[in-house]
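Descriptive analysis of the structure
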Amino acid sequence: MTSLRYPTGLGTRDRDYVSFTPFEYRSNGRGADGPMADGASSVILYMPNSTPTVGNANDWGAVNFPGPLGSLQRDIAGTVVGTVTTGTSVSDMVSQLTTGLSAATKNPNFAGAAKQFGLKMIPQQLLGATPNQLLAISRGQVYNPNVELAYTAPQMRAFSFSFDLIPNNAQEASIINQIILNFKKYSAPKNLDNGMFEIPMVWKVKYKTGQGDNKNMNQFKRAACTSVTVTANSQTDMHVAHDAGVPVSTSLQLTFQEVDIITRKDHEEARGQGY
C-alpha cells in the first residue's frame with residue numbers, strides 16, 4: 001500500500017502520527033469492511049498540537065407520568081412492553097393488556113385517574129389554564145410529575161482535524177497537492193453515467209506510534225469525510241507564494257462522521273482508552 005506523508009521526512013518507527021486510509025463503503029449490516037479504494041493512497045500526517053475532542057455522548061431524557069393517571073399509564077405500559085420483549089403472541093399480548101386494564105379499575109388511584117382524565121379532555125381554551133395550573137390555584141396542589149430519566153440511544157460521533165501544510169521544497173509542495181487531492185477525490189461520489197452515483201469512500205483514521213496503534217489515545221470507527229476545507233495562506237494578510245504560485249502555507253481542515261455507534265463491547269475489545 002502506497003502512502004503520502006507530510007512532512008516528507010516524517011519517520012514512522014518511533015514517532016506519533018495520524019493515518020487516514022479510504023475504503024469502499026459497506027453498510028453496518030454487511031459486517032466486513034470494504035476493500036481499499038482502487039488507486040488510493042494512505043495519508044500519514046504529523047500529530048497535530050491539538051487533537052480533536054471526541055465525546056461519547058448518549059441521549060437521555062425526562063419522561064413524565066403525572067398524577068394518578070400517569071401512574072396507571074406507566075403500570076399498564078410496563079405490562080404491555082413486557083409481553084412484547086418476551087416473545088408473547090399477539091393474542092396473548094391483547095389478553096394481558098385487557099387484564100391490565102381490568103386490574104387498573106380496581107386500583108385505589110383509579111378514581112383520581114378518572115377525574116384527571118376528565119380534566120384533560122376539557123379544552124384548555126375553555127378552562128383558561130392547564131389542569132395542573134387550575135389545581136394550584138384552587139387547591140394549592142399539583143400532580144406529582146412521576147418523572148423518570150429514560151434512555152433513548154447513543155449518539156454518533158463527529159470529529160475534525162486541522163493541519164498546516166508548509167512546503168520546504170518543490171517535492172513537498174507536490175506531496176501536499178496529492179494529499180489534498182486524495183482527500184477531496186475519495187470523499188466525493190463517483191458518477192456512474194447511468195443516472196446513479198457510487199457513494200464516497202469511508203475512512204479509517206488511526207493514531208499511530210511507530211508501526212502500531214497508539215493505545216494511549218482514543219480509537220475511531222470507520223468514518224465518512226463530510227467536509228474537506230482548504231485555505232491558502234490563512235496565517236498571512238495577503239497572498240504569498242513560492243515559484244509556480246505555490247502558497248507559502250495551506251491549511252487543511254477535515255471533518256468526519258463515524259458510520260456506526262460505539263458500544264460497551266467496542267471499548268472492551270479496543271483496550272487502552274477504548275474509542
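These notes cover the structure that comes with them. (Residues numbered from 1 in each chain as written. Predicted model: local features only at pLDDT ≥ 70, side-chain atom pairs only at ≥ 80, totals over all residues. Heavy atoms only, no water.)

1. A look at the overall build of the protein
Helices and strands together make up the secondary structure of the protein, namely 7 helices and 12 strands. Here the protein, with 275 residues, has 31% of them falling under the buried criterion. For the protein, the share of sequence-separated contacts (at least 6 apart) that also reach a separation of at least 24 residues comes to 73%. Accessible area for the protein stands at about 16600 Å²; split by element, carbon and sulfur atoms hold 53% of it. (Helix = DSSP H or I, 4+ residues; strand = E, 2+ residues; numbered from the N terminus. Buried < 20%, exposed > 50% of the residue type's maximum accessible area, 1.4 Å probe, protein only. Contact = heavy atoms within 4.5 Å. Areas by Shrake-Rupley, 256 points an atom, 1.4 Å probe, with all protein chains shown as cover.)

2. Regarding the layout of surface pockets
Computed from the structure, the largest pocket encloses a volume of approximately 420 Å³. Taken together, 20 residues form the lining of the largest pocket, with Lys 204, Phe 220, Lys 221, Arg 222 and Tyr 275 sitting closest to its centre. Per-element accounting of the lining of the largest pocket gives the leading share, 4 residues, to strand β9 (residues 202-209). (1 Å grid on protein atoms, 1.4 Å probe; cavity = no way out; pocket = protein on both sides within 12 Å on 5 of 7 lines; lining within 4 Å. Points joined across faces, edges and corners; volume = space filled by probe spheres on them.)

3. Concerning a nonpolar patch on the surface
There is a patch of nonpolar side chains on the surface, built from Trp 60, Leu 149 and Tyr 151 and spanning about 370 Å² of accessible area. Note on placement: Trp 60 falls in strand β4 (residues 58-64). (Patch = residues over 30% accessible without salt bridge, like charges linked within 9 Å, V, L, I, M, F, W, Y side chains within 5 Å. Salt bridge = Lys/Arg side-chain N within 4 Å of Asp/Glu carboxyl O.)

4. What to know about the environment of Thr 53
Take Thr 53: it is sitting in the loop between β3 (42-46) and β4. In the structure, Thr 53 is positioned 106 residues away from Phe 159 in sequence and 6.9 Å away in space, judged by C-alpha atoms.

5. Looking at helix α6 (residues 170-186)
The terminal C-alpha atoms of α6 lie 25 Å apart, and with 17 residues this matches the ideal 24 Å at 1.5 Å per residue to within 8%. The opening residue of α6 is Asn 169, an N-cap whose side-chain oxygen sits 3.2 Å from the backbone nitrogen of Gln 171. (Expected span 1.5 Å × (residues − 1). Polar contact = N/O pair within 3.5 Å; in protein donor to acceptor, adjacent residues only side chain to side chain.)

6. Quick look at the pattern of salt bridges
Evaluation of the coordinates by the stated rule reveals 7 salt bridges. Taking the shortest distance from any N to any O, the salt bridge between Glu 24 and Arg 26 comes out at 3.6 Å. When its relative accessible area of 26% is taken as the criterion, Glu 24 is described as partly exposed. In this structure Arg 26 comes out as buried when scored by relative accessible area, which is 18%. The shortest N-O distance in the salt bridge between Arg 74 and Glu 148 comes to 3.0 Å. Taken together, the residues span a long stretch of sequence, with Arg 74 in helix α1 (residues 67-85) and Glu 148 in strand β5 (residues 147-154) at a distance of 74 residues. A cluster of three or more residues bridged by salt bridges with shared partners is formed by Lys 221, Asp 260 and Asp 266.

The values are spatial; any link to function lies outside them.
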